[in-house]
Amino acid sequence: MKAQRDEMKCPKCGRFDLKETGQGVSCRVCGYTLSPGENDRFRLYKILMEEEKRTKRH
């Protein structure tokens, strides 16, 4: 999962600049707002990365 970076790419522009806002997740560069399915995938990805970091520390 960590082929390039510790972050997910924007589906539209391919940059690693996704941020969570009150309305969902959007790209800082192109402004693309993730669909509900992409939103869930982004949150799951974050949870999995946090868990991976936690297990590496122990």
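Just so it is clear, the model here is predicted, and its values are computed rather than measured. (Residues numbered from 1 in each chain as written. Predicted model: local features only at pLDDT ≥ 70, side-chain atom pairs only at ≥ 80, totals over all residues. Heavy atoms only, no water.)

A.B. asks: Whenever I open this one, the overall build of the protein confuses me. Can you help?
C.D. replies: Each helix and strand counted, the protein has one helix and two strands in total. Shown N-terminal to C-terminal, the secondary structure of the protein runs as helices and strands in the order β-β-α. Here the protein holds 58 residues, and 24% of them are scored as buried. For the protein, long-range pairs separated by at least 24 residues make up 27% of all intrachain contacts whose partners lie at least 6 apart in sequence. (Helix = DSSP H or I, 4+ residues; strand = E, 2+ residues; numbered from the N terminus. Buried < 20%, exposed > 50% of the residue type's maximum accessible area, 1.4 Å probe, protein only. Contact = heavy atoms within 4.5 Å.)

A.B. asks: Would you take a moment to explain the pairing of strand β2 (residues 24-27) for this structure?
C.D. replies: Taken residue by residue, a regular strand's side chains alternate between the two faces of the sheet. Direction of pairing for strand β1 (residues 18-21) relative to β2: antiparallel, over a ladder of four bridges. Within the sheet, the bridge partner assigned to Thr21 lies in β2 and is Gly24. Here β1 folds back onto β2 in antiparallel fashion, the turn holding two residues. (Pairing = 2+ DSSP bridges.)

A.B. asks: Hey, could you run me through the pattern of salt bridges in this one?
C.D. replies: Oppositely charged side chains can form a pair if their charged atoms are brought close together. Overall, the coordinates contain four salt bridges when judged by the stated rule. Measuring nitrogen to oxygen at the nearest pair gives 2.8 Å for the salt bridge that ties Lys46 to Glu20. You can see Lys46 sitting in helix α1 (residues 36-57) and its partner Glu20 sitting in strand β1, a full 26 residues away along the chain. Classification of Lys46 by relative accessible area gives partly exposed; the value is 32%. Glu20 gets classed as partly exposed once you look at its relative accessible area, which sits at 38%. We note a salt bridge from Glu52 to Lys56, for which the minimum N-O separation is 3.6 Å. Pair noted here: Glu52 and Lys56 are both in helix α1, with a separation of four residues, about one helical turn. Under the relative-accessibility criterion, Glu52 is labelled partly exposed at 25%. Among the ionic contacts, a cluster of salt bridges with common partners joins Glu20, Arg43 and Lys46. (Salt bridge = Lys/Arg side-chain N within 4 Å of Asp/Glu carboxyl O.)

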